[in-house]
Amino acid sequence: MALAALEERPLCKKERRWRFAPLPKAGYAQHSNLLERCLANRGCLDPNTADQFLNPRLKSLADPFLLPDMGKAVERILRARASAELMLVFGDYDVDGITSCALLHETLTALECKVVCQIPHRMEDGYGLTESAVLRALELHKPALLIAVDCGSSSAETIQLIQQRGVDVIVLDHHQLGSPQPKPIAFVNPKAAVEPRFEELCSVGLAFKLAHALAKRGREAGLPCASALDIRTSLDLVALGTIADQVPLAAENRILAHAGLRALSQSTRVGLKALREVSQCGPEIGVYQVGFQLAPRLNAAGRLETAEEALQLLLTNDPAKAAQLARSLDEQNSRRKAVEQEIVEAAIERVRATFDPAHHYAIVQGDTEWHIGVVGIVASRVLREFYRPTIILGGAGEEWRGSGRSIEGFDLAAGLKSCSDLLSRHGGHAMAAGLSMNPARLEEFRQRFNDAARTALKPESLLPILELDAQVRLSELTLATVLSLEQLEPCGQGNPTVRLAASGLRLAGDIRRMGAEQQHARFRVSDGTATLDVVWWSCVGDPMPSGRFDLAFEPQVHEYQGMRSVQLKLLDWRPSRAAA
């Protein structure tokens, strides 16, 4: 089930644009069954690409040395190994950064390298390769080589400072490049290539490619430790970071997530076993379990204070220590949720007080009382409520830190760059970014940022989009057909859960309320070709379908008392546009 789909509560109170994938113009899917139509929507227009998509294989992964500067990075690491030089892996405090650090620590240790890890403190250091965090790490560890992972692409000055102190730097990152571009001895970032490959990989995917390259070159050099290294044991970490970072689950990410989820379900890593226990995960780990049970707990420590406990959990071999760390992360996650909810309610109330849909193309809010560790989550929640590019800031004194989330059609990183003279720091992606600024400039920034959004977006862009694979008749949704769609998993960004629509429906019986507070609903619908069950989650206060209507939904297999049947998870409905 797609992480993005799970995060998105039904928005039937608000108008949404239904957008159907265009019919394929050519290829074997032109007159195909539903699975082939959905494959065509995902770019699989011939049997060969469809087979690669439906059967992702690790052997299909490309040569890691195709990444920019990978050869330089491997050469420097192996030279450090030969000279017994200490390597410092400097990461980020989100799940991608933590899993990247853990993967590299395990790989380099297995290759008999001297290695330590450092995760910055969110409150004291801020995001990325900041001067304060780096200087403290250099003083503490005195490394000869620093590997910046999941950060560094916009840290030219800090990298220059590190190298002036006689420490070599390798950057392993997937974020957008800063200006000026940093000049480490190896810059392994797909965006740094003239013709970028692997551009959808997150940092833990790049860390896995580096591990692959090190093992490959080490075996060529006849190192016994490289011959004994099995990088497949780190696929559980790769799945965690890849899914948590919400990068597109296509191309190499699909291969890594597919194999990694299997590895997660079978993992003997004591830290993950303890985390699964406190998260109350079942035996099978999928996208939902990663996105809503495991990743939030790993993220919680870094959001509120330091991510050191999360890193220790992934690296420890002590079951008792793992259990203690997992309980601590679980408690911090509960505190994080309480803090987050309080700020979400305050931010939404503040926006509603002055919101003008016709003129406000973007939302910027900040407060000294708002915890900077949760501003990114709050920005996502506010965006979901108002569907505008959103930036939420918090902090105290003369330096507020914030996080932004965007909508289709507006490049958030470019929008921040257009206001860079008002900001202390900024960086990120088209859809998510971070920034620092003096709060005295908040109002000017709000106006400039809104102007940038107004220039880029059309009024119709401010309506949420509901992407749909196809329009179908209910009779097409047989149990066999819906089961066949499960071959598209794992679903997520770039490979969404199948979403369909049916038109001209009528209720086939009464609507039944479910749940302790009657917050859900179940009913049956018919289009004259078949009758199917519909479930609508969290629909308190929403108008119920009536008369003739169209339905947007996710087809699901419902199992009850050993019997399986097709049910439709309602996403949206509207009065039918078909003739009565």
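Note that the structure is a prediction, hence the values are computed from the model and not measured.

A.B. asks: For this particular structure, what's the right way to read the side chain of Ser100?
C.D. replies: Tracing the chain through its elements places Ser100 in helix α5 (residues 95-110). Not counting residues within four places of it along the chain, the set of residues in contact with Ser100 comprises Val149, Ser203, Val204 and Ala207.

A.B. asks: Help me understand unusual backbone geometry, please; the structure alone is not making it clear to me.
C.D. replies: Both trends apply: most residues other than glycine have a negative phi, and most peptide bonds are in trans. A cis amide bond, omega 5°, links Ser179 with the succeeding residue Pro180. Each neighbour pair has its own omega, and for Glu489 with Pro490 the value is 5°, a cis peptide bond. Along the chain, Pro490 turns up in the loop between α20 (479-484) and β14 (500-507). Residue Asp69 is not a glycine yet carries a positive backbone phi of 65°. Considering the arrangement of structural elements, one finds Asp69 in the loop between α3 (47-54) and α4 (70-82). Take Asp69: its relative accessible area is 26%, and that puts it in the partly exposed class.

A.B. asks: Looking at this model, I keep getting lost on the pairing of β14. Mind explaining?
C.D. replies: In the case of a regular strand, side chains alternate between the two sheet surfaces. In the sheet, strand β13 (residues 470-471) pairs with β14 via 2 bridges, with the strands oriented parallel. Across the sheet, Ala470 pairs through a bridge with Leu500, a residue of β14. Here β14 runs beside strand β16 (residues 520-526); their pairing, made up of 2 bridges, is antiparallel. Bridged to Leu507 within β16 is Val525.

A.B. asks: Honestly, the sheet that holds strand β6 (residues 186-188) in this entry has me stumped. Any pointers?
C.D. replies: Within a sheet, each strand pairs with its neighbour through backbone hydrogen bonds, oriented either parallel or antiparallel. Pairing is parallel across the open sheet formed by 5 strands, whose spatial order is β3-β2-β4-β5-β6. For this open sheet the edge positions go to β3 (114-118) and β6, each flanked by a neighbour on one side alone. Between one strand and the next, the sheet's axes are offset by a mean angle of 20°, whatever the strand orientation. Where strand β4 (residues 145-149) meets strand β5 (residues 168-172), 5 bridges bridge the pair, whose relative direction is parallel. Paired with Ala148 across the two strands is Val171, which belongs to β5.

Cut-off values and rules
Residues numbered from 1 in each chain as written. Predicted model: local features only at pLDDT ≥ 70, side-chain atom pairs only at ≥ 80, totals over all residues. Heavy atoms only, no water. Helix = DSSP H or I, 4+ residues; strand = E, 2+ residues; numbered from the N terminus. Contact = heavy atoms within 4.5 Å. Buried < 20%, exposed > 50% of the residue type's maximum accessible area, 1.4 Å probe, protein only. Pairing = 2+ DSSP bridges. Axes fitted to C-alpha atoms, helices over the stretch in contact; angles between N-to-C directions.

Keep in mind these numbers describe shape, not what the thing actually does.
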